[in-house]
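Structural description and commentary
What follows is the residue order along each chain.
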Amino acid sequence: MNEIEIQKQYIEKVKAFNQGKLPKYTILTMGCQLNENDSEKLSGMLEQMGYERTEKQEEADLALFNTCCVRENAEDKLFGKLGELKRLKEQKGMIIAIGGCMMQEKHITNKIKQSYPFVDLLFGTHTLHKFPEDLYKTLDEKKKLEDIIDIEGKIYEGLPIKRNSKIQASVTIMNGCNNFCSYCIVPYVRGRERSRQPRDIIQEVKELAEKGYQEITLLGQNVNSYLRVEKEKGLPIEEYEGVDSFASLLKAINKIDGIQRIRFVSPHPKDFTDDVIEAIRSCEKVCKLIHLPLQSGNSKVLEEMNRKYTKEQYLSLVEKMKKAIPNLTLSTDIIVGFPGETDQEFEDTLDVVKKVKFEQVYMFLYSRRVGTPGDKKENQIPEEQKHKRFDQLKDLVESQTEENNQKYIGTIQKVLVEGESKNNKAFLTGRTDSNKVVIFEGDKKRIGQVIDLKIISQHIWYLKGEEI
Ligand code: SAH
Ligand code: SF4
Ligand code: F3S
């Protein structure tokens, strides 16, 4: 019996255990879209085990956390929540389970066991698929359980999934990372790069299309090296619809009827080969907003970060892409205050931002991560200096955003309508190809459709449109 079939038996066992009850669960997901997608799998398993989701902590029989450790603030958030739960646990005896990236860090699990001994179950990124078994043992044996292993990683197919949206779906195409950027914890907690087989991905997307999904986001820590490791190592790649690379995967998914939009995160600039650029250009469903993480605009800092490109190489890649792909827009990630970064080096980051004019910039203060080379560097930047640079970057980005938004006014944009606006129910909300939020007054039957909207005003974080 394969591992997933074993887990299916545990799903039935937990279901039998809960017979006659209607147990409820909460799930708090931190971190990136990969973690969100993992949480959809955890929810899928839980709902098959008879659990029902609630947003109210006090109602929950199971409180589940799917954690991230890419920056320190995620840790603060988890410990804060655990502190809040202590009293509720004493009153109600709910099960508390914690999984995800943070659980792959020994100093964190030690801290939980010491300071929050009431937590029932700890599981890691490589044991997520065993959640039914771990939960069953926790329920049945009423003992604390820790199921964390440190391996290169495997791929498990066939887990149930409960998706958050009926319109947009994420599809993980690869797991892990081999890049070891010197600031980053991800390769240590997610294991080595491994790609799913083309058939599994394409069949998943076809099923989503049949269910009426409009937009697919392909996920991986380094999506444009899809299948690269497998090819280098001579591992078997099952031939399916001619897919043997990220570019050919985009082309195959582009052919699937029903899907209207394809997005992907995150590619690495060093792996942005010409065939990928060509595929983005020629596939009409692939959105022309590309996320291209910069991290720093200074070549020396980039080298220290182990990013494997220089400022000039990044800028010439952008030029090449802009030339090849009409209407291309770009978004990026930037870290300020990497150890040793000088004011002058930081100017290079501002310079690249000025030159590229990103559609969106995700900005982060450098955060020391235990076990990474960045953490061992002695020339750490004082917090107030990091904040000063962060504010400088933020001011630049906001002024550019405002200027960029002006360009949308009066244009007609294709918008995928996602639902009612959270802030104002009188409005519907959707996104342009370039991922800009647009709100407008319209009929609810528009939800799930791609429609033309005329942009009438801009409000820094969103645009306002009207139907034409
Ligand atoms: N694999 C993806 C995403 C990695 S995590 C990529 O390479 O783009 C998402 C972002 O978090 C990174 O792009 C980086 O900007 C930021 N990040 C990672 N480690 C960090 C750290 N130690 N401190 C601050 N930001 C960090
Ligand atoms: Fe982290 Fe770099 Fe891998 Fe992205 S590419 S996950 S930033 S090590
Ligand atoms: Fe965080 Fe893990 Fe994603 S560390 S950013 S949840 S891969």
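In short, a report on the structure. (Residues numbered from 1 in each chain as written. Chains lettered and ligands numbered in written order. Predicted model: local features only at pLDDT ≥ 70, side-chain atom pairs only at ≥ 80, totals over all residues. Heavy atoms only, no water.)

**Some words on the pattern of salt bridges**
This structure, assessed with the given rule, holds 42 salt bridges. The partner of Asp351 in a salt bridge is Lys355, and the shortest N-O contact between them spans 2.8 Å. Taken together, the residues span about one helical turn, with Asp351 and Lys355 both in helix 13 (residues 343-356) at a distance of four residues. Lys355 sits in the partly exposed class, given a relative accessible area of 49%. In this structure, the salt-bridge partner of Arg431 is Glu418, at a minimum N-O distance of 3.3 Å. You can see Arg431 sitting in strand 16 (residues 428-432) and its partner Glu418 sitting in strand 15 (residues 412-420), a full 13 residues away along the chain. Exposure remark for Arg431: the relative accessible area of 26% places this residue in the partly exposed category. (Salt bridge = Lys/Arg side-chain N within 4 Å of Asp/Glu carboxyl O. Helix = DSSP H or I, 4+ residues; strand = E, 2+ residues; numbered from the N terminus. Buried < 20%, exposed > 50% of the residue type's maximum accessible area, 1.4 Å probe, protein only.)

**Considerations on the pairing of strand 7 (residues 168-172)**
Burial of strand 7 is extensive: four of the five residues sit out of reach of the surface. For strand 7 and strand 10 (residues 215-219), the ladder comprises five bridges, and the chain directions are parallel. Looking at the pairing, Ala169 lines up with Ile216 of strand 10. (Pairing = 2+ DSSP bridges.)

**Some thoughts on helix 4 (residues 106-115)**
Residues Ile108, Thr109 and Ile112 constitute the buried set of helix 4. Projection of helix 4 onto a plane perpendicular to its axis shows the buried side chains occupying an angular sector of 95°, all on one side. Facing away from the buried side of helix 4, by more than 90 degrees, are the exposed residues Lys106 and Gln114. Close packing links the buried residues of helix 4 with helix 3 (72-92), strand 4 (95-100), strand 5 (121-123) and strand 6 (145-147). (Arc of directions from axis to C-beta. Contact = heavy atoms within 4.5 Å.)

**Regarding the sheet that holds strand 10**
An order of 7-10-11 is seen for the three strands of this open sheet, with the pairing classed as parallel. Two strands in the sheet have a free side with no partner beyond their single neighbour: strand 7 and strand 11 (261-265). Neighbour-to-neighbour, the strand axes of this sheet turn through a mean angle of 25°, independent of strand direction. The pairing of strand 10 with strand 11 spans five bridges and is parallel. In the strand pairing of strand 11, Thr217 is matched with Arg263. The strands touched by helix 2 (residues 33-48) within the sheet are strand 7, strand 10 and strand 11, with strand 7 carrying the most contacts at an inclination of about 100°. Lying on the sheet, helix 7 (residues 198-210) is in contact with strand 7 and strand 10; it crosses strand 7 at an angle near 170°. (Axes fitted to C-alpha atoms, helices over the stretch in contact; angles between N-to-C directions.)

**Observations concerning the site of ligand 1**
Around ligand 1 sit 14 residues, and of these Arg71, Gln221, Gln295, Asp333 and Ser367 come closest. Within the side chain of Gln221, an N or O atom sits 2.7 Å from a nitrogen atom of ligand 1. Separating an oxygen atom of ligand 1 from a side-chain N or O atom of Gln295 is a distance of 2.6 Å. Protein contacts shield 90% of the accessible area of ligand 1, which totals 540 Å² for the unbound molecule. Going through the elements one at a time, strand 13 (329-336) and strand 14 (360-365) are the ones with two or more residues in the shell around ligand 1. (Near = heavy atom within 4 Å. Polar contact = N/O pair within 3.5 Å; in protein donor to acceptor, adjacent residues only side chain to side chain. Areas by Shrake-Rupley, 256 points an atom, 1.4 Å probe, with all protein chains shown as cover.)

**What to know about the environment of Thr127**
Note on placement: Thr127 falls in the loop between strand 5 and helix 5 (131-141). For Thr127, a relative accessible area of 2% translates into the label buried. When neighbours within four sequence positions are excluded, Thr127 is seen to be in contact with Asp134, Asp147, Ile148 and Ile149. A polar contact is formed between the side chain of Thr127 and the backbone oxygen of Asp147, at a distance of 2.7 Å.

**With respect to the pairing of strand 15**
Judged from the five bridges that link them, strand 15 and strand 18 (residues 450-458) form a sheet pairing that is antiparallel. From the neighbouring strand, Gln413 faces strand 18, where its bridge partner is Leu453.

**Considering the packing of helix 10 (residues 274-282) against helix 12 (residues 311-324)**
Two elements in contact, helix 10 and helix 12, have axes separated by 10 Å at closest approach and are oriented at 35°. Read as a crossing pair, helix 10 and helix 12 show a hand that is right-handed. Along the contact surface, helix 10 presents Asp274, Ile277 and Arg281, while helix 12 presents Leu317, Lys320, Met321 and Ala324. Class assignment for the residues of the contact of helix 10 with helix 12 results in four nonpolar, no polar and three charged. (Left-handed = near helix turned anticlockwise from the far one by under 90°. Nonpolar A, V, L, I, M, F, W, Y, C, P; charged D, E, K, R; others polar.)

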